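# Close look at the chain arrangement
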Amino acid sequence: MGLETIFGNSFLTSRVDEAVNWARKYSFFQYPFVTACCGMEFMSVWASTYDIARFGAEFPRFSPRQADVLFVVGTVNEKLAPSLKRVYDQMAEPKWVVSFGVCATSGGFYDNYATVQGIDKIIPVDVYIPGCPPRPQAILDALIKLQEKVSKETVLKYKGLK
Amino acid sequence: MKAIESLKEKFSDKIISHDSFAGQDFITAKKECLKDMAVFLRDELHFDFLSDLTCVDYKGYPGRENAPRFETVYHFYSHKTKERISLKFPIEETSPNIDSLTGLWLAANWYEREVYDMYGIHFTGHPDLRRILMYEEFKGHPLRKDYPLKARQPRIPHED
Ligand code: SF4
């Protein structure tokens, strides 16, 4: 069937989605938005024991314009919320967001006047990581989940455009 | 002589009550004498370090129904005599103000801004009394007991 039968072994057919997603999911450039204690666990994931580089996601970009994945690590308070939103808005499509730890996910035990009760009130979130703080294994698990999610996306649809 | 004795002697008519507990001395006094006491502590008794300055809201506190609502609390330490002393000054809800100590200890500056931010106590003579933790648009003072527990004041719109 298909082109291979006509042209022999000199062709390999695939879907564009698959090829692009394969490239995307193994080369996440992350933007670490680290505000609190969760950052300690996050750092350990980068070190040799857990080695996030095995998943191709070890390269942090400290400019949101060059990043693919926004890691929101730690407590986000109301005072900081506009900055987080701005960082997200500056990221180029396609972009994904990981909410790291209960504070970022739901405000955690900071159910008070100062804390945003979950960053999904401000920006869309793709993967949530539970834990206070999450263990490094949970972070790698989230990364794999994000890769699965990315591999199911289509390049024709942009999340930001409705 | 311990610092608490010297203070009791000098400000006997201004002191409302005093107490010693677990080796710590506390004095509750009228707020008018804060500056005089602070100068006396610093210059005569060598309390060179203002280690903390904070406030308590006693609204609804059992047994304090008729007492003034707020109390500012000052903790001093002397590097020379290795002594500590705490001063408390009751403040009425109707006139929430007290003298600033910024002229005596620079450390008082940010402490007083914090107390202003959280409790709405005005420090007369403070050079720059702005909020220090909350944002400028924030309404009210969150550590007051009558600030609603679940009240939120988002700076940008939230989606549910
Ligand atoms: S989830 Fe726990 S460890 Fe993480 S920022 Fe919040 S309090 Fe800190």
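Everything quoted here is computed from the prediction, not taken from an experiment.

## Thoughts on the interface of chain A and chain B
- Contacts between chain A and chain B engage 15 residues on the former and 20 residues on the latter.
- Carbon and sulfur atoms supply 53% of the area that chain A and chain B bury against each other, a total of about 1,400 Å² over both sides.
- Its largest share of buried area at the contact with chain B, chain A owes to Glu78, Tyr113 and Lys121 of chain A, together 53% of the area lost on that side.
- Two residues, Asp111 of chain A and Arg152 of chain B, come together in a salt bridge whose shortest N-O distance is 2.5 Å.
- Counted by class, the side of chain A that touches chain B contains six nonpolar, three polar and six charged residues.

## Observations regarding the pattern of salt bridges
All names here are of chain B.
- Tallying each qualifying case throughout the model produces 16 salt bridges over all chains.
- A salt bridge links Asp128 to Arg130; the shortest N-O distance between them is 2.9 Å.
- Assessed through its relative accessible area of 39%, Arg130 is described here as partly exposed.
- One salt-bridge network, held together by shared partners, links Asp57, Arg69, Glu93 and Asp146.

## Considerations on helix α3 (residues 38-46) of chain A
Residues and elements named next belong to chain A.
- Listing the buried residues of α3 in full gives Cys38, Gly39, Phe42 and Val45. Along α3, the residues classed as buried sweep out an arc of 110° about the axis, all on the same side. Exposed side of α3, more than 90 degrees from the buried face: Met40 and Met43 are the residues found there.
- For α3, the elements touching its buried residues are β1 (29-34), β3 (69-73), β4 (96-100), α5 (101-106) and α6 (136-151).

## Things to note about the sheet that holds β4 of chain A
Residues and elements named next belong to chain A.
- The strand order across the open sheet formed by five strands is β2-β1-β3-β4-β5, and the pairing between neighbours is parallel. A single partner strand is all that each edge strand has here, and the edge strands are β2 (59-60) and β5 (127-129).
- Of the strand pairs in this sheet, β1 and β3 are connected by five bridges, and their pairing is parallel. When the sheet's bridge partners are listed, Phe33 is paired in β3 with Val72.
- Taken strand by strand, α3 contacts β1, β2, β3 and β4, and its axis lies near 155° from that of β1.
- Sitting on the sheet, helix α4 (residues 81-90) touches β1, β3 and β4, and the angle it makes with β3 is about 165°.

## Structural notes on the side chain of Asp117 of chain B
Residue and element names in this part refer to chain B.
- Mapped onto the fold, Asp117 is located in helix α3 (residues 108-119).
- The exposure class assigned to Asp117 is buried, which follows from its relative accessible area of 0%.
- Polar side-chain contacts of Asp117 include one of 2.8 Å to the backbone nitrogen of Met134.
- Apart from residues lying up to four places away in sequence, Asp117 is in contact with Arg131, Ile132, Leu133, Met134, Gly140, His141 and Pro142.

Thresholds applied
- Residues numbered from 1 in each chain as written.
- Chains lettered and ligands numbered in written order.
- Predicted model: local features only at pLDDT ≥ 70, side-chain atom pairs only at ≥ 80, totals over all residues.
- Heavy atoms only, no water.
- Contact = heavy atoms within 4.5 Å.
- Buried area = accessible area lost by both parts, 1.4 Å probe.
- Salt bridge = Lys/Arg side-chain N within 4 Å of Asp/Glu carboxyl O.
- Nonpolar A, V, L, I, M, F, W, Y, C, P; charged D, E, K, R; others polar.
- Buried < 20%, exposed > 50% of the residue type's maximum accessible area, 1.4 Å probe, protein only.
- Helix = DSSP H or I, 4+ residues; strand = E, 2+ residues; numbered from the N terminus.
- Arc of directions from axis to C-beta.
- Pairing = 2+ DSSP bridges.
- Axes fitted to C-alpha atoms, helices over the stretch in contact; angles between N-to-C directions.
- Polar contact = N/O pair within 3.5 Å; in protein donor to acceptor, adjacent residues only side chain to side chain.

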